[in-house]
Amino acid sequence: MEKPCDQMKGGDEEQQQVTSKKGGLKTMPFVISNETFEKVAGIGLQANMILYLKNEYHMSNATGANVLFLWSAISNFMPTLGAFLSDSFLGRFRVIAVGTFISLLGMSLLWLTAVFPQARPPDCHSQIAESCASPKPVQLALLFSSFALMSLGAGGVRPCSLAFGADQFNNPSNPNNGRVLQSFFNWYYASVGISIMISITVIVYIQDAAGWVVGFGVPAGLMLLSTVMFLVGSPLYIKVKANKSLFTSFAHVISAAWKNRHLALPPMDSNGAVWYYRKDSKLTAPTEKLGFLNKACLIRDPVKEIDKDGWAREPWNLCTVKQVEEFKALIKVLPIWSTGIIIAVTISQHTFPVLQATVMDRHLFSEKGLQMPAGSFGVFAMISLTIWVAIYDGIIVPMLSKFTKRSRGFTVKERMGMGLVISCVATAVAATVESKRRAAAIRQGLADNPYKMVHMSATWLVPQYSLMGLAEALNAIGQIEFYYSKFPKSMASIGVALFALGMAVGNLVGSLIVGIVNNVTKKNGKVSWVSNNLNKGHYDYYYWLLTILSVINVLYYLVCCWIFGSLIDNKNEIVLWDEVEGIKEDEEVNEHHKASPIVFAL
């Protein structure tokens, strides 16, 4: 039965096209500067934050790690909320503008905690954190409020910035539209990559060299500049109105399937079934798998359920076939998505390596050479990720395609699996290096002096960072491509949201692991594995635990790949979405999508 459904109004389509007065290249400086300054400011604060919590708020290593895990989790949850508000109510411009302003408030509040001594516990020069005054509830409330505001702000900027920029260049009537869009994406990702490099190196160096007041003041100033630049460009922007959200559509499917749960489904080859679908849709009947959801699009009484214009009278009781299949596509990828949680835990291990680097020789090339800030070693992960992407696209893919006849070399699931395996190697290397560092500290008589430098080069940490960057390049980018290959174009934003959600859950699991390890291993008067004294604790055991969990996750991934295969119909069907036929996982995905994880990685 043909029903017109989910079609955008002509006015909205016109608003997406670039006119001579609005949009185009003249908006690029404002859009890209907003994202660049937000990245430099936000990531620059996260990279070194454990030292601020430990030295100024007298938090233990475990408590500081938990705070940062939770902060990252909230920051990764918020983009899902921001995307929902953007799609359903406010539109991208308003969400970005509000998010940018809220981020500015959060960074300004954090800067004030450094400016006013009353906002922090009294200075303490004792090497034993337990002997220092704990922060008062009001002081913690001020600190955590700044974190919460920055997370809310990131939730507005990160999910909308790229799409909002693309809105300024989307002119289907222009024969060079594709090239113009590709140019924008290239500049966008180049600016993001450069901003991350700057934040991990320059901002962290300023914090170490000039102190926290200047170190937090610079990001706050950059965020102010970001806000001003974005708002100044407002008259030039194309502002697409909010449209119906996929999240609402999914809720409709769940509601309709539940309300119609008592109905019996006719055989799939029966002519008696009447499915509700939009006019000219290729999806005229649902697939067999996850058949209980098919009841959401089953028409019982056309007269009562369909109005004279062909619309469902109550969308919470009746959905289109396309809506049902979109929700099925989401459910089918969830097993594979869940395998990204543990690697998200390992990717987010920024806290403890920073603490290790603070007590190691951080001079590069020679003892009198440049001393690298402890929080800047994460740049090696970004370098590794960037180099791999360049080598893979430029050398490995052309070489493999000659033998495998695949345009993208390794399949998406193969790359994801390789990323999981390399993450196991990365944590094993981290455990080995920490064991060597701890043994050297004890051998040098530093068991009771954890803040004195161990005569061991911090460059020993580079391999684990590099391996983790490689694992992220394979698995994280693979995840994004996997979602794009299994979803219709209308669900493109869901793919990015799933990745961010996986990172959020991974941060929560990471916090849980640290808490359990700390509480269990310090029982009966024993020294905790994650003790404030790195030389008495056993951070190497902690890394070995992550290695074991990562190995188990690899086996779980193999099972999930089998489960995912079983969720595909026996005929190996590819759902024919309305806008384009289904994309097989070894086919090429749009070039601008493959670098997406760089935006969300840190």
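A brief report on the enclosed structure follows. (Residues numbered from 1 in each chain as written. Predicted model: local features only at pLDDT ≥ 70, side-chain atom pairs only at ≥ 80, totals over all residues. Heavy atoms only, no water.)

1. Some thoughts on the overall build of the protein chain
A count of helical and extended segments in the protein chain gives 20 helices and 4 strands. Considering the protein chain as a whole, with its 602 residues, one finds that 56% of them fall into the buried category. Accessible surface, the protein chain: about 26,000 Å² in total, of which carbon and sulfur atoms supply 64%. (Helix = DSSP H or I, 4+ residues; strand = E, 2+ residues; numbered from the N terminus. Buried < 20%, exposed > 50% of the residue type's maximum accessible area, 1.4 Å probe, protein only. Areas by Shrake-Rupley, 256 points an atom, 1.4 Å probe, with all protein chains shown as cover.)

2. Describing the pattern of salt bridges
Under the definition given, this model contains 6 salt bridges. Arg-300 is paired through a salt bridge with Glu-305; the nearest N and O atoms lie 3.2 Å apart. Given the relative accessible area of 12%, Glu-305 is considered buried. The partner of Glu-325 in a salt bridge is Lys-328, and the shortest N-O contact between them spans 3.3 Å. (Salt bridge = Lys/Arg side-chain N within 4 Å of Asp/Glu carboxyl O.)

3. Observations regarding the environment of Ile-494
Mapped onto the elements of the fold, Ile-494 is located in helix H18 (residues 492-521). Looking at Ile-494, the relative accessible area reads 5%, which means it is buried. Note: C-alpha distance between Ile-494 and Tyr-483 (11 residues apart in sequence) is 8.2 Å. Those residues within four positions of Ile-494 in sequence are excluded, and the remaining contacts are Leu-246, Phe-247, Phe-250, Leu-330 and Phe-487. (Contact = heavy atoms within 4.5 Å.)

4. Some points on the nonpolar core
Counting 67 residues, the largest nonpolar core has Met-49, Tyr-52, Leu-110, Phe-147, Phe-352 and Tyr-542 as its most contacted members. Residue contributions to this core peak at 6 residues, all from helix H4 (residues 61-90). In this view, Phe-147 contacts Met-49, Leu-53, Val-67, Trp-71 and Leu-110; residues no more than four positions away in its chain are not counted. Listed in part, the 61 residues of the second largest apolar core include Ile-343, Ile-480, Phe-487 and Phe-499. (Core = buried A, V, L, I, M, F, W, Y, C linked by side-chain atoms within 4.5 Å.)

5. Focus on the packing of helix H3 (residues 49-56) against helix H14 (residues 351-358)
Between H3 and H14, whose axes approach to 9 Å, the crossing angle comes to 70°. Classed by the angle they form, the pair H3 and H14 counts as roughly perpendicular. H3 and H14 meet at a crossing whose hand is right-handed. In contact with Ile-50, Leu-51 and Lys-54 of H3, H14 contributes Thr-351, Val-354, Leu-355 and Thr-358. When its residues are assigned to classes, the contact of H3 with H14 shows 4 nonpolar, 2 polar and 1 charged. (Axes fitted to C-alpha atoms, helices over the stretch in contact; angles between N-to-C directions. Parallel < 35°, antiparallel > 145°, perpendicular 65-115°, else oblique. Left-handed = near helix turned anticlockwise from the far one by under 90°. Nonpolar A, V, L, I, M, F, W, Y, C, P; charged D, E, K, R; others polar.)

6. Re the packing of aromatic side chains
With the rule as written, the count across this model stands at 20 aromatic pairs. Ring centres 5.7 Å apart and planes at 55° place the aromatic pair Phe-164 and Phe-230 in the tilted group. A residue pair is termed long-range when its members are at least 10 positions apart, and Phe-164 in helix H7 (residues 161-167) and Phe-230 in helix H9 (residues 212-232) qualify at 66 residues. The exposure class assigned to Phe-164 is buried, which follows from its relative accessible area of 1%. Judged by relative accessible area, which is 2%, Phe-230 ranks as buried. By the ring-pair criterion, three or more aromatic residues cluster together here, those being Tyr-52, Tyr-57, Trp-212 and Phe-216. Taking the ring centre of Phe-93 as reference, the NZ or CZ of Lys-239 above it sits at 4.1 Å. Here the basic side chain of Arg-261 rests over the ring of Trp-258, its NZ or CZ set 3.9 Å away from the ring centre. (Phe/Tyr/Trp six-rings, centres within 6.5 Å; stacked < 30°, edge-to-face > 60°. Lys NZ or Arg CZ within 6 Å of the ring centre and 35° of its normal.)

7. Overview of H9
Along its 21 residues, H9 runs 30 Å from first to last C-alpha, staying within 8% of the 30 Å computed at 1.5 Å per residue. Within the span of H9, buried status applies to Trp-212, Gly-215, Phe-216, Pro-219, Ala-220, Leu-222, Met-223, Ser-226, Thr-227 and Phe-230. All buried residues of H9 lie within an arc of 155° about the axis, which places them on one face of the element. (Expected span 1.5 Å × (residues − 1). Arc of directions from axis to C-beta.)

8. Focus: a nonpolar patch on the surface
A contiguous nonpolar surface patch, about 400 Å² in accessible area, is contributed by Trp-111, Leu-112, Phe-116, Val-213 and Val-214. Every element with two or more residues in the nonpolar patch is listed here: helix H5 (92-115) and H9. Locating Val-213 in the fold gives a position in helix H9. (Patch = residues over 30% accessible without salt bridge, like charges linked within 9 Å, V, L, I, M, F, W, Y side chains within 5 Å.)

9. Details of unusual backbone geometry
If a residue is not glycine, its phi is most likely negative; likewise, a peptide bond is most likely trans. Of note, the phi angle at His-58 is positive, near 55°, even though the residue is not glycine. Inspection of the secondary structure puts His-58 in the loop between H3 and H4. Residue classification places His-58 among the buried residues on the basis of a relative accessible area of 11%. With a phi angle near 55°, Leu-290 is a residue other than glycine that sits in the positive phi range. As for its position among the elements, Leu-290 is in the loop between strand E2 (277-278) and helix H11 (302-305).

Honestly, that's just the spatial picture; any functional story needs more than this.
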